[in-house]
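If you want the building blocks of each chain, they are given just below.
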Amino acid sequence: MALKIDLDLCTGCGACVATCPFGALSQRAEDGKVDVNEACTACGACVDVCPVGALTLEVADRSAMAAEAEQYRGLWVYAEQRAGQLQDVTLELLGQGRTLADKLGVELSAVLLGHQVRGLGDKLFEYGADKVYLVDHPALENYTAEPYAEAMSALVRKYKPEALLAGATSIGRGFIARVAIQVNAGLTADCTELDVDVEKRLLLQTRPAFGGNIMACIVCPDHRPQMATVRPKVFAPLAPVPGRTGELIEEALNLKDPVVRVLETVNAMQNEVNVAGAEFIVTGGRGVGAPENFKLLEDLADALGGAAIGASRAAVDAGWISSFHQVGQTGKTVRPKIYIACGVSGQIQHLVGMSSSDTIIAINKDPDAPIFGVADIGIVGDLFQVVPALTKALRR
Amino acid sequence: MHIVVCVKQVPNTTQVRINPETNTLIRDGVESIMNPFDENALEMALQLKEKHPGTKVTVVTMGPPQAVDILKEAVGRGADAVVLLSDRAFAGSDTWATSYALSTAIGKLEKPDLVLFGKQAIDGDTAQVGPGVAVWLGMPCITYARAIEIADGEATVERLYEDGYEKLAVSLPCALTVLKEANVPRMASLRGKMAAKKLVIEPMTAEMSGADPAKLGLNASPTRVVKIFSPPPKAGGVKWQGEEPEVMAQRLVDLLRERKLV
Amino acid sequence: MAELNYGLSELALEIRSMVREFAEARVKPVRAELDEKGIFPTEILRELGKMDLMGLYIPVEYGGTFEGDSMPNLIAVEELSRVCIGVSVSFAANGLGADPILIGASDEQKKKYLPPLASGEKWAAYALTEPNAGSDAGAIRTTAVKKGDKYILNGTKQWITNGGEADIYTVFAVTDKNRGARGVSAFIVEKGTPGFRFGKKEDKMGIRASATRELIFEDCEVPAENLIGREGTGFIWAMKTFDVSRPGIAAQGVGLAQGALDEAVAYAKVREQFGRPIIANQGLSWLLADMATKVESARALTYAVVQSIDRGVKDYSKFSAMCKVYASDVAMQVTTDAVQVLGGYGFMREYPVEKMMRDAKILQIYEGTNQIQRDIIGLALNKEYAAAAKK
Ligand SMILES: Cc1cc2nc3c(=O)[nH]c(=O)nc-3n(C[C@H](O)[C@H](O)[C@H](O)COP(=O)(O)OP(=O)(O)OC[C@H]3O[C@@H](n4cnc5c(N)ncnc54)[C@H](O)[C@@H]3O)c2cc1C
Ligand SMILES: Cc1cc2nc3c(=O)[nH]c(=O)nc-3n(C[C@H](O)[C@H](O)[C@H](O)COP(=O)(O)OP(=O)(O)OC[C@H]3O[C@@H](n4cnc5c(N)ncnc54)[C@H](O)[C@@H]3O)c2cc1C
Ligand SMILES: Cc1cc2nc3c(=O)[nH]c(=O)nc-3n(C[C@H](O)[C@H](O)[C@H](O)COP(=O)(O)OP(=O)(O)OC[C@H]3O[C@@H](n4cnc5c(N)ncnc54)[C@H](O)[C@@H]3O)c2cc1C
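Calculation rules
- Residues numbered from 1 in each chain as written.
- Chains lettered and ligands numbered in written order.
- Predicted model: local features only at pLDDT ≥ 70, side-chain atom pairs only at ≥ 80, totals over all residues.
- Heavy atoms only, no water.
- Near = heavy atom within 4 Å.
- Polar contact = N/O pair within 3.5 Å; in protein donor to acceptor, adjacent residues only side chain to side chain.
- Areas by Shrake-Rupley, 256 points an atom, 1.4 Å probe, with all protein chains shown as cover.
- Helix = DSSP H or I, 4+ residues; strand = E, 2+ residues; numbered from the N terminus.
- Nonpolar A, V, L, I, M, F, W, Y, C, P; charged D, E, K, R; others polar.
- Domains from an automatic or database assignment.
- Salt bridge = Lys/Arg side-chain N within 4 Å of Asp/Glu carboxyl O.
- Buried < 20%, exposed > 50% of the residue type's maximum accessible area, 1.4 Å probe, protein only.
- Pairing = 2+ DSSP bridges.
- Right-handed = clockwise from strand over helix to strand, strands pointing away.
- Axes fitted to C-alpha atoms, helices over the stretch in contact; angles between N-to-C directions.
- Contact = heavy atoms within 4.5 Å.
- Buried area = accessible area lost by both parts, 1.4 Å probe.

Undergrad: Describe the site of ligand 3, with residues and values.
TA: All names here are of chain C. In the vicinity of ligand 3 lie 19 residues, with Thr129, Ser135, Thr161, Thr369 and Gln371 positioned nearest. Between a nitrogen atom of ligand 3 and a side-chain N or O atom of Thr129, the distance comes to 2.6 Å. Within the contact set of ligand 3, a nitrogen atom lies 2.8 Å away from a side-chain nitrogen or oxygen of Thr161. Considered on its own, ligand 3 offers 970 Å² of accessible surface; in the complex 66% of this is hidden by protein. Where the shell around ligand 3 is concerned, the elements lending two or more residues are β3 (150-161) and α10 (370-390). A class-by-class count of the residues in the shell around ligand 3 yields 9 nonpolar, 7 polar and 3 charged. Formed jointly, the shell around ligand 3 draws a minimum of three residues from each of two domains, domain 2 (125-232) and domain 3 (236-390).

Undergrad: I'd love a proper account of the pattern of salt bridges, names of residues and values included.
TA: Residue and element names in this part refer to chain A. With the rule as written, the count across this model stands at 60 salt bridges over all chains. Here Lys131 and Glu107 are joined by a salt bridge, their closest N and O atoms 3.0 Å apart. Taken together, the residues span a long stretch of sequence, with Lys131 in strand β9 (residues 131-136) and Glu107 in the loop between α4 (88-104) and β8 (108-114) at a distance of 24 residues. The buried category is assigned to Lys131, whose relative accessible area is 16%. Each of Glu70, Arg73, Glu162 and Arg201 takes part in one network of salt bridges that share partners.

Undergrad: For the domain arrangement of chain A, give the residues involved together with the corresponding values.
TA: Examined at the domain level, chain A breaks down into domain 1 (2-59), domain 2 (67-250) and domain 3 (275-395). Relative to domain 3 of chain A, the C-alpha centre of domain 1 of chain A lies at a distance of 49 Å.

Undergrad: Hey, could you go over the pairing of strand β19 (residues 308-311) of chain A for me, with residue numbers and the actual values?
TA: Residue and element names in this part refer to chain A. Neither face of β19 is open: one carries Ala308 and Gly310, the other Ile309 and Ala311, and all of them are buried. Two elements, strand β18 (residues 280-284) and β19, share 4 bridges in a ladder whose sense is parallel. Within the sheet, the bridge partner assigned to Val282 lies in β19 and is Ile309. Handedness of the crossover joining β18 and β19 through helix α8 (residues 294-303) is recorded here as right-handed.

Undergrad: Pulling in residues and values, what's your account of the sheet that holds β8(A)?
TA: All names here are of chain A. Spatial ordering of the open sheet is given by β11-β15-β10-β5-β8-β9-β16, a layout of 7 strands whose pairing is parallel. Pairing within the sheet leaves two strands with one partner each, and these edge strands are β11 (187-191) and β16 (247-250). Pairwise comparison of adjacent strand axes, ignoring direction, gives a mean angle of 20 degrees for this sheet. Pairing of strand β10 (residues 163-167) with strand β15 (residues 226-230), which is carried by 5 bridges, proceeds in the parallel orientation. The partner of Leu165 across the bridge, within β15, is Ala228. Sheet strands in contact with helix α6 (residues 145-159) are β5 (75-79), β8, β9, β10 and β16, and its direction is about 150 degrees off that of β8.

Undergrad: Describe the sheet that holds strand β14 (residues 214-219) of chain A, naming the residues involved and giving the relevant values.
TA: Here 4 strands make up an open sheet; going across it, the order is β12(A)-β13(A)-β14(A)-β13(B) and the pairing antiparallel. Bordering the open sheet on either side are β12 (193-197) of chain A together with β13 (224-229) of chain B, each of which pairs with just one other strand. Sheet twist, expressed as the mean angle between neighbouring strand axes with direction ignored, is 25 degrees. Pairing geometry for β12(A) and strand β13 (residues 202-209) of chain A, over 5 bridges, is antiparallel.

Undergrad: Describe the interface of chain B and chain C, and please don't skip the residues or the numbers.
TA: Taken together, the 13 residues of chain B in the interface contact 17 residues of chain C. Taken together, the two surfaces of chain B and chain C that pack against each other cover about 1200 Å², and 57% of this comes from carbon and sulfur. It is B:Met187, B:Leu190 and B:Arg191 in chain B that bury the most area against chain C; as a group they hold 56% of the surface buried on that side. Between chain B and chain C we count 4 salt bridges in total. In this structure, C:Asp52 engages B:Arg191 in a salt bridge whose closest nitrogen and oxygen atoms are separated by 3.4 Å. At the boundary of chain B and chain C, one finds 8 residue pairs in polar contact (both at pLDDT 80 or more). Broken down by element, the side of chain B that touches chain C gets its largest block of residues, 6 residues, from helix α5 (residues 190-198) of chain B.

Undergrad: Residues and numbers for the side chain of A:Thr192, please.
TA: Secondary-structure assignment places A:Thr192 in the loop between β11 and β12. Those residues in contact with A:Thr192 that lie beyond four places of it in its chain are A:Thr206, A:Arg207, A:Pro208, A:Met215, A:Arg231, A:Val234, A:Phe235 and B:Lys260.

Below, the structure is given as structure tokens:
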């Protein structure tokens, strides 16, 4: 696919130049007619605005690929497990996968890779899978990208799903990118929205790019399967249906020994999450009242999937928490995606360290606390009630 | 040892915004920089070079002609050789086509023992190019690496995952994607900068790379970006009060979920 | 930001941006800790060495990058000083230690000692002051007695910057008691020479990141070939060193004052009292205006002195003294005013201007107190006008 410009028709009005999301169009110095550069993604935005029809998308002959694509049916979810534990994102993807599969009128399958993990199949059925493809093999005992990709690619080649979803976790992002090359498919990274165009049987994949500053909608028109990794926590799992079952298809594969060997696994981070560079920060101020109350904030941090704990100087000076956690003038300067200030009044020395956070949430019982001046969302209330309620709502 | 480091030129994304009226990327005045994670990959290579004398570090980028800037930066820091893969035929490549193109350029070089990538590019944000190139080159790839030791043709690598890390062993050659935690990138030296200034870098074209033209650029890319738009705007200072804590908490969580923040 | 055009070379501009970026990235985050705990900036100097920035004043033939333009080194000092003069003095003291070698040593000595300094592998220090010889440097009592192919050094040097950290020391000692200043000779003494040890590290008011130490010589045997020039020429090397090094102190003053001005203006724009930023008060903005004017005049004078030396102007002792005295006084005034602009916050350790004000004081003391500088200027005036009257 490529953008074709009919220079005879082009009047040099410049309408298209302004619409190009990627700045790929410009007007030639000599005659004002339009020119396209390598930033073009053939998205077609300009085609619709050209008043004289000078712009067209040259579509390659896709009939062969389309016929090939017809052979692919069904929606797959990679069932990520670590040390025999199914990861939450798998259940979330089954939830959304169910909706999409039903729209398309196809089966929803889960792909389970590992060693001695057969027992996990039941849970996958309970959470919405119609089928489970299982490869149980010693080479898959520990996750390493190569055998996992080899197994997944073999299944894809044999069973031809039209779409494949995996969690955008370190494992999912690590080996699915190999699969995409091996099976010659497109892969959309780290999606936060998924839908389907039922008529064209296209997966509509929406994802943030440019550090979350823009959102992009991506499709794979011709290649199958349409693959996506999906950010954890954006979809909700279905309520499990106890006793719900389905078909378990075990595939015996001849996998090579892993080329990467796992020497040692160290669970739990050695260090606490450092506020500098953290994506989520829950900060406590003097309002937290006592060192043991930081437990409430830790629970909230945990519910957010591992946030760092910050502190105002008042909390540090009171000896409730080490100065390692201090945010502000004398502490660290932070710029997380979400900053939750609990019982922090918001003095300028604190604000200089955190005011450029993407989203600031403040919880304070004083409606006139200056922190509300910089907060995107302020909750006036007692942190001892609001914080546990938040933790609960997040865990739901 | 021969180490290849792949680096990408990216806009400094903390500044990139969409014009709300035209829905186009505002690029004016946006500075171009070396992808920050690639700086860590380059630093890892340079530290290995210091530890293992005789090591050669080659830096490869695919991009428009102005991407030479980051190659010069790399030379300033101590890279031995650079490759600028630049051709309009590469335009519009997604990660599939990008990883193919990079692998053909690397294939033209002395066979590498190690190919390093950043964890991800801060514009495309996919983290897919490293593992993709590794497949084309027939190498294993360890993602999210924060430390490496090399002895007797074998690498020991620490790979981070969500709640811990693993120590892995692999025989060379292999590919790695490198985290920020790995090191603190050095700054360019004066002599390095002077040498870089004088450097004339001839681009490697698609033809020179020997790539199959059918696997290049937009046409060969399975994915299509069909639309871009601004994320839902910030609420801009809402304050809730006088309601039950549970109600406000639930509303907040709903809002965060709606905005895909959690 | 608007700036004057001092006709800086491409190299000088390159150095300015490199060192500015370096100081922001590497020095700023640690300066408070270095100051509080009195930690020598070893890592920082090592990295500056790797970046080829330790040899800006050393000629190309001895491994440095100097080709007649002294501004790059001066500007490196200024930019480091903008963030921390404890670090910048540790950097600049290498040049002070090396200057007697550059000025008076033989080609052989230069080839041996300058390249490792240029690469940053080794560091240098300059040892003149003694407990009883400060401003009156001619009164030093450390002795060097020739014995065969060696000199035997005995005595104590005091407050030597980079003491203990440096590898190469230029030491001034008396070889002929009867000749006063004309009986002083200069020696290159390497760390580790038997009979050479270090006394205590001083606990200072400011520039606490720098190491200031006693050097103790007890029958320390120095090879005769380490004598710089001839016997009795030491005091000349010492004074000529100051003529070229004092603009470096001025550059510290300019940088430090600029750093304090930056902090003060930034703060005055965000601090609100009476419902508006304090900078909106004329009384305060005039204070800032005076600070800025002083900083720029100090910079202009300092640059003019160094550029004139490069252009071959002779008899520049007076001008070197002028820029040292002026820029260090400006640094003291501007840092004090910066604390004033920040009010009580400025008085707190958490804000950097408190440290800057403590640091500034040394600039009026070392490399000749400001009284001594004024003496030099006054003496020169007296001499020049006498000469003019004769004509
Ligand atoms: C030189 C200097 C440097 C400084 N550097 C820093 C710095 O780096 N970082 C920093 O944070 N501060 C710094 N400060 C201190 C700063 O000025 C403030 O004193 C400090 O930030 C106040 O901390 P706080 O908001 O936790 O406490 P307070 O100002 O006492 O505020 C406590 C808040 O908690 C609320 N609260 C109490 N109980 C509850 C409850 N049950 N539920 C909900 N809300 C409740 C109150 O309404 C109040 O708003 C510095 C000060 C100086 C002088
Ligand atoms: C808004 C938007 C969304 C996109 N989404 C997708 C998508 O979901 N799927 C998809 O396949 N493509 C996507 N693309 C295309 C993709 O951004 C490009 O293919 C890009 O060239 C490489 O991807 P990346 O920036 O994500 O790099 P990453 O895969 O994140 O980069 C990882 C590492 O690979 C190396 N590297 C990457 N690019 C280069 C290069 N040009 N030269 C040298 N080394 C390099 C660097 O070491 C880098 O750190 C998208 C493009 C846009 C504009
Ligand atoms: C932190 C630090 C680092 C130093 N680093 C070095 C170094 O690396 N190498 C080195 O050799 N030395 C170094 N010195 C020594 C420094 O150069 C001397 O301190 C300085 O020359 C002043 O000598 P003094 O302290 O003995 O003061 P004094 O000479 O005792 O002076 C005391 C006061 O009397 C005034 N005074 C003295 N004589 C006169 C006069 N004739 N007319 C008017 N007023 C006069 C002075 O101005 C001063 O105000 C360092 C000192 C310090 C504090």
